[in-house]
Amino acid sequence: MVLTTHHHWDHAGGNNGMKKLLKDVPIYGGVKDKVEGCSHPVQHGDEFSISPTVRVKCLETPCHTKGHISYFITSTLPNDKSAVFTGDTLFIGGCGRFFEGTPDQMYQSLCKTLASLPLETQVYCGHEYTQKNLEFALTLEPKNEALLRKMEWVLRQRKQKLATVPSTIGDELEFNPFMRVDQKSLQLATGRESPLEVMAEVRRMKDNYKGR
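Residues numbered from 1 in each chain as written. Predicted model: local features only at pLDDT ≥ 70, side-chain atom pairs only at ≥ 80, totals over all residues. Heavy atoms only, no water.

Draft legend 1. Examining the overall build of the protein chain more closely. Across its full length, the protein chain carries eight helices and eleven strands. In terms of C-alpha radius of gyration, the protein chain reaches 17 Å, essentially the compact-globule figure of 17 Å for 212 residues. Looking at the protein chain residue by residue over its 212 residues, the buried ones come to 47%. A separation of at least 24 residues holds for 60% of the contacts in the protein chain among residues at least 6 apart in sequence. Accessible surface, the protein chain as shown: approximately 11,000 Å² in total, 51% of it carbon and sulfur. Averaging the locations of the 27 positively and 25 negatively charged side chains of the protein chain gives two centres separated by 5 Å. (Helix = DSSP H or I, 4+ residues; strand = E, 2+ residues; numbered from the N terminus. Rg over C-alpha atoms; globule rule 2.2 N^0.38 Å. Buried < 20%, exposed > 50% of the residue type's maximum accessible area, 1.4 Å probe, protein only. Contact = heavy atoms within 4.5 Å. Areas by Shrake-Rupley, 256 points an atom, 1.4 Å probe, with all protein chains shown as cover. Lys, Arg positive; Asp, Glu negative; His and termini not counted. Charge placed at Lys NZ, Arg CZ, Asp CG, Glu CD.)

This is how it looks when you write it as structure tokens:
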């Protein structure tokens, strides 16, 4: 089956081609999104199985697109770890642009829906922008020890041409500024007080960030 997070071409543009290659393959996508080739529209809380041991739960995580779905995957096998496929809602150290939504929606998606998953849940995102995201995060929290450690690790990984995905929900809560908008350090860095105001300001700052 094909699990599509949202309708953008770089995530859904191959769905019709998959249908030609794999006859009758089920293609899942958010009921509020216009996902190419979608045969199984889903909404928040829907669940289904991939196999006898692997279960999928659909989580509405709107803002990047209004019908964005993240897929939370669990297994009954003892050595398997849970994972969430977050598309363009949550990146390692960052989040997607607010193309079709509001700061409040991204706050709910990141700081409520995804943050409520088990801390050890592995995060698989749609793009690997980790190094640039952490460079920006360091302009906000230059003394965040978890962030500094993560950046050192990322630089080692990239030097060896290795991936920086996955992360975990627990790790993101320690260094991702978009999941830390209720922290005093982010309030001071942005000059804003409420989490929603901080979310909006961090996004504005990131959109204008030119890099080091």
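Draft legend 2. Looking closely at helix 5 (residues 145-159). Between the first and last C-alpha of helix 5 there are 21 Å, a value that for 15 residues agrees with the 21 Å anticipated at 1.5 Å per step. Every buried residue belonging to helix 5 is among Ala146, Leu147, Lys150, Met151, Val154 and Gln157, and all of these are buried. Viewed end-on, helix 5 has its buried residues packed into an arc of 130°, placing them on one side of the element. Away from the buried face of helix 5 by more than 90 degrees, exposed residues Glu145 and Lys159 are located. Check the buried side of helix 5 and you find it contacts helix 4 (130-140), strand 11 (167-168) and helix 6 (169-175). Two or three places before Ala146, at the start of helix 5, stands the capping residue Asn144, its side-chain oxygen 3.0 Å from that residue's backbone nitrogen. (Expected span 1.5 Å × (residues − 1). Arc of directions from axis to C-beta. Polar contact = N/O pair within 3.5 Å; in protein donor to acceptor, adjacent residues only side chain to side chain.)

Draft legend 3. The arrangement of the pattern of salt bridges in detail. Scanning the model with the defined rule gives eight salt bridges in all. Linking Glu201 and Arg204 is a salt bridge whose minimum nitrogen-to-oxygen distance equals 2.7 Å. Highlighted residues: Glu201 and Arg204, both in helix 8 (residues 195-207), separated by three residues, approximately one helical turn. According to the relative accessible area criterion, Glu201 is buried, its value standing at 10%. The class for Arg204 is partly exposed, based on a relative accessible area of 44%. With its nearest N and O atoms 2.9 Å apart, the salt bridge here joins Arg203 to Asp207. (Salt bridge = Lys/Arg side-chain N within 4 Å of Asp/Glu carboxyl O.)

Draft legend 4. Representation of unusual backbone geometry. Residue Pro166 follows Val165 across a cis peptide bond; omega there is 10°. Even without glycine at this site, Lys161 takes up a positive phi of about 60°. One can find Lys161 in the loop between helix 5 and strand 11. The class of Lys161 is exposed, set by a relative accessible area of 71%.

Draft legend 5. Structural context of the packing of aromatic side chains. Following the criterion strictly, the structure yields four aromatic pairs and no others. Centre to centre, the rings of Tyr28 and Phe48 are 4.2 Å apart; their planes meet at 15°, and the pair counts as stacked. Note that Tyr28 is positioned in strand 2 (residues 27-30) and Phe48 in strand 4 (residues 47-49), a separation of 20 residues in sequence. The pair Tyr28 / Phe48 is uniform in exposure class, with both members buried. On the numbers, 5.1 Å between centres and 80° between planes, the contact of Phe91 with Tyr129 is edge-to-face. (Phe/Tyr/Trp six-rings, centres within 6.5 Å; stacked < 30°, edge-to-face > 60°.)

Draft legend 6. The arrangement of helix 3 (residues 103-114) in detail. Relative to the 16 Å expected for twelve residues at 1.5 Å per residue, helix 3 spans 15 Å between its end C-alpha atoms, a close match to the ideal helical length. Those residues of helix 3 lying buried are Met106, Tyr107, Ser109, Leu110, Cys111, Thr113 and Leu114.

Draft legend 7. Representation of the sheet that holds strand 3 (residues 40-42) within the structure. Pairing is parallel in the open sheet, where three strands are placed in the order 1-2-3. In this open sheet, the two strands that pair with only one neighbour each are strand 1 (2-3) and strand 3. Bridge count for strand 2 against strand 3 is three bridges, and the pairing is parallel. Residue pairing in the sheet places Tyr28 in a bridge with His40 of strand 3. (Pairing = 2+ DSSP bridges.)

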